[in-house]
Structures are given as C-alpha cells and as structure tokens.
Amino acid sequence: MKFPHDFLFGAASAAYQLEGAWNEDGKGMSNWDEFVRIPGKTFEGTTGDVAVDHYHRYREDVRLMAEMGLESYRFSISWPRIFPDGGGQVNQKGLDFYNNLIDECLKYGIVPFVTLYHWDLPLALEKQGGWHNKATIDAFVHYAEVCFNAFGDRVKHFITFNEMIMFCGNGYLTGAHPPGITNDPKKYFQVTHNVFVAHARAVLAYKRLKQFGEIGITHVFNPAFAVDNHEDNLFAARHANEFDTYWYYDPVLKGHYPEYVLQQLQKSGLTPDWDPQELADLQAAAPQNDFIGLNYYQPMRVEKLHEVQQPIEHSRETSTLAPGKASFDNVYRTVKMADKIYTKWDWEISPEGFLDGLLMLQARYGNVKIYITENGLGDEDPIIEGEICDIPRINYIKTHLIALQHAIEKGLNVKGYYAWSVIDLLSWLNGYKKQYGFIYVDHNDNLARRKKASFYWYQHVIATRGAELQNQ
Ligand code: NOJ
C-alpha cells in the first residue's frame, strides 16, 4: 500500500535536546538549564549547553533532511529564547533564529511542524511556581500569540504541548524532571488542569487570528492492555487507560474530563481548583482543536496490584511514567512479559500494540485527525567497518509503518508520521548513550554528522511512499 499523497513523512526533535547555545544571543535560563546542574540528576552530569550544536549548524542539518527527502520537520521553539524572562521584552535574536530555520526548511519544500512547549519553561516562571501558578497560563498564551504572529504566515501546523504527562508527572510525582517534586498528586492534577486551560486558550487565540493553519496537542500514547483476561487485570487496564490516556485526550477533544477519573479524584480530595470560565474555555476550544498528536513507543502490560506487591520502578528514562504513579493510588502495575520483545532499555517492541491502541482511540474519538508525532527506537548503534548499521531501527520503523498502513485501511484518519529523531540527540536524563537518529553525531570528532543505514532506508521509503514496506 502507498501512503496517500497528502500524508507527511517527517522526523522530529526538541529544542533543548539539540540546539545547545544555552546562553547565547539573549536566551534566558530555562528550568532544565538549572535542573541538569543539580548533581545526580542526569547521567554523568550531562547538560544541553552544547547538545548537538544545531543552533549553529541548522543549515547543514536541514540540508541533510532535504537529502533524505523529508517532507516535514517537527521541531520545538525554546520559550526562553523568545522571552528570556518568560514575558515582557521579546528577544529579537530568538525570533531571528526560528525565522531562519523555518525559511531554511521552506527553501527545500520541508513543511515546518512546530511545537511551542517541549518542556523548557523559562526559569523565571518556574521560580514563581511554574505550571502550578495560574499566571503561567497567561504567560503561555501570550508567548503562543507572539509565535503565531511571528511565524504563522509560514508555519501552518502548531502543537501546543508535548507529552504533558511527562512534565506534569515527572515534575510532581516522580521528581525526575523539574521542578523535581515527589509524590504530590494534588499538585499533579492541578498542574494538568492548568496546562489544559493554557492549551485551550492558545487554540482559541490561534483561531481568532484566522491564519488558516491547524493546531493540536501531542501526548505520549501508551495504551494499556491487561496481561490476561482475569477480570481484576481487565479492570486495571481500563483504570490505567482512564488515567493515562482519557484524562489527557478527553478535555482536548470532548471539552471535559472523564467521569470515572473525576469520581476517583473527588473521593480522594484531589479535584483541581477551577473556575467556570476555565471549564467553559475547555468546552469552547474542543471543537476548534484540529488534530491530536501521538508519540508511540510501547504499550503497557498491566495487572492489578495486590496489597502484598510493590509497584515495579522502571528505568529512569521511560516513555511512560513510573507505573501506577499517574493513577496515584497504586491500583495497577506494569509488568514485563516472557513472550514479548524488549529493547536494551526494557521498552517493549509492539507494532501490534500500536495498531490496537489506534483502534482503541478510534472507538472513543471517532474520525479525529491524527499525526504520529514520535515513534522510533533508542539503541546503541553498532558501527561495523566505519558504517553505522542501525538495522534494528530500520526493522522497528518498518513494522510500525506497516501497522500504520493497516490502521489507515481500517479507516483511521492518520495524516503524518514523524520518526524520533531526525538526528542523534541528548536524552533528557541519559546523556548520549541512547541514539534514535537517522543521522549520527560523532562526539569524538567535533560533532560531525554522518548518515546511518536508516538514513538511506527512510529516503527510499519516502521516495516510494511506503509501497514496498510489506514486501521487504
Ligand atoms: C518523548 C519525548 O518527547 C522526547 O523528548 C524524548 O527524547 C523521547 N520521548 C524518547 O524518550
């Protein structure tokens, strides 16, 4: 099957993970610039100060993307580059950088797909309570409007937030991300609500400007499946989906929170503070939301947690939260299963879970437009006779693209696929051990770029629009 002509083949990145230039050209400090300097927070104390120096090498990087045949590039804007203090004076050099990057993409016909918030909050705002402080909602909407006005003539696809569950959950439950608060479910749910209001108001602001592009939000998508058909485990999987998936997509697509989670929160005294205007804005924005983005890496295999058992803690960098954490009450745990295949980092490889998860969303949200905004394999790539032979990555992406073909045949409205990542990046907590890119960055040779086997493979997939995937 060929992917439709309007389907975008892309790849993605995030500002903090590749730009570097952390204190150049007027950029302010972000919460991450501070957090990574706290001893013990990241593997070997790595920071994004230089990252892969994309800020200075973006022309070379975009040229490589063009050579690969990339149709669209998803990148994020660093808020503290635009507003060093979170608000107030705009930093013109920050706007210049993104204007140049966008123009460079367009020069090659690459469609820019822009994320406004991929976790780097201006430190000044974090110091005033970050996302727990409702003033951050207004600051975000103002920042978003400035971006729409500055870039919206050429950028026709905006994502407000990337993976809320990660920065809210790790910020306020596990403590693995800034502001590093642990086990505070009251704050966690409040913060998620505040971010939903920020999303809704940014959507409404975008629509008022009539730029005739599209706007949506991206969540990590870890569909939960019960380990077996025992009713306890089936219940646990439903519970996990309610807290990890429906809590995140319902307010965006339906304009209100899922009833089941609301009941649980009420029983536990965890209902967020909201005012009627906020709830009205969620409702008003829902029909204006143009698409949802899904970052899919793996499903969750879930079983009911019984009193004698302990939740299992995952490795530090997970695509999901530490199991059971998002539901605050340890109802379930995720488990590794003997008949499944895992990466070196214990992430399950499951294209079937991808397809089944998409069908689960179709059942709940109908024909909503979907972009797969991240999907890929983190690995330590083998170098054989000087060539970067990332065959496992090719297999991973191939099988997931085939699953996507089946999903489209079953009527899912998927309009694009963005591999994570376009180039090897800094992992938030894991340094450079784990690579995802089509382009290798040699940290022993002045960050030189080298094409991997997957670079040529993806180039062919794009050129043939996926027609040969099922025969490979
Ligand atoms: C999702 C995040 O958006 C991205 O920043 C991260 O590096 C990848 N997952 C891989 O963990």
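Please refer to the structure higher up on the page.
Rules and cut-offs
Residues numbered from 1 in each chain as written. Predicted model: local features only at pLDDT ≥ 70, side-chain atom pairs only at ≥ 80, totals over all residues. Heavy atoms only, no water. Buried < 20%, exposed > 50% of the residue type's maximum accessible area, 1.4 Å probe, protein only. Helix = DSSP H or I, 4+ residues; strand = E, 2+ residues; numbered from the N terminus. Pairing = 2+ DSSP bridges. Near = heavy atom within 4 Å. Polar contact = N/O pair within 3.5 Å; in protein donor to acceptor, adjacent residues only side chain to side chain. Areas by Shrake-Rupley, 256 points an atom, 1.4 Å probe, with all protein chains shown as cover. Nonpolar A, V, L, I, M, F, W, Y, C, P; charged D, E, K, R; others polar. Axes fitted to C-alpha atoms, helices over the stretch in contact; angles between N-to-C directions. Contact = heavy atoms within 4.5 Å.

Chemist: When you look at the pairing of strand 7 (residues 291-295) in this model, what are you seeing that I'm missing?
Modeler: Walk down a regular strand and you will see the side chains alternate between the two sheet faces. For strand 7, a buried count of five out of five residues is recorded, marking the element as mostly surrounded by other parts of the structure. Here strand 7 shows two buried faces, one formed by F291, G293 and N295 and the other by I292 and L294. As paired elements, strand 5 (residues 214-220) and strand 7 share five bridges and run parallel to each other. Of the residues in strand 7, the one forming a bridge with G216 is F291. Sheet analysis places strand 7 next to strand 10 (residues 370-374), joined by four bridges and oriented parallel. Bridged to N295 within strand 10 is E374.

Chemist: Would you mind showing me how to read the site of the ligand here?
Modeler: As a matter of local geometry, the ligand sits amid 13 residues, with Q17, H118, N162, E374 and W428 nearest to it. The contact in question runs from an oxygen atom of the ligand to an N or O atom on the side chain of E374, over 2.7 Å. Alone, the ligand offers 290 Å² of accessible surface; in the complex the protein occludes 97% of this. Counted by class, the shell around the ligand contains six nonpolar, four polar and three charged residues.

Chemist: Looking at this structure, I do not really get the sheet that holds strand 4 (residues 157-162). What am I missing?
Modeler: The pairing of strands in a sheet comes from backbone hydrogen bonds and takes either a parallel or an antiparallel form. One closed barrel holds the eight strands; their spatial order is 1-2-3-4-5-7-10-13, and the pairing between them is parallel. The mean angle between the axes of side-by-side strands here comes to 25 degrees, regardless of whether they run parallel or antiparallel. Inspection of the sheet shows strand 4 paired to strand 5 by four bridges, in the parallel sense. Residue pairing across strands places N162 opposite T218, the latter belonging to strand 5. Packed on one face of the sheet, helix 7 (residues 135-151) meets strand 3 (111-117), strand 4 and strand 5 and runs near 160 degrees to strand 3. Docked against the sheet, helix 14 (residues 391-409) engages strand 10 and strand 13 (414-420), running at close to 170 degrees with respect to strand 13.

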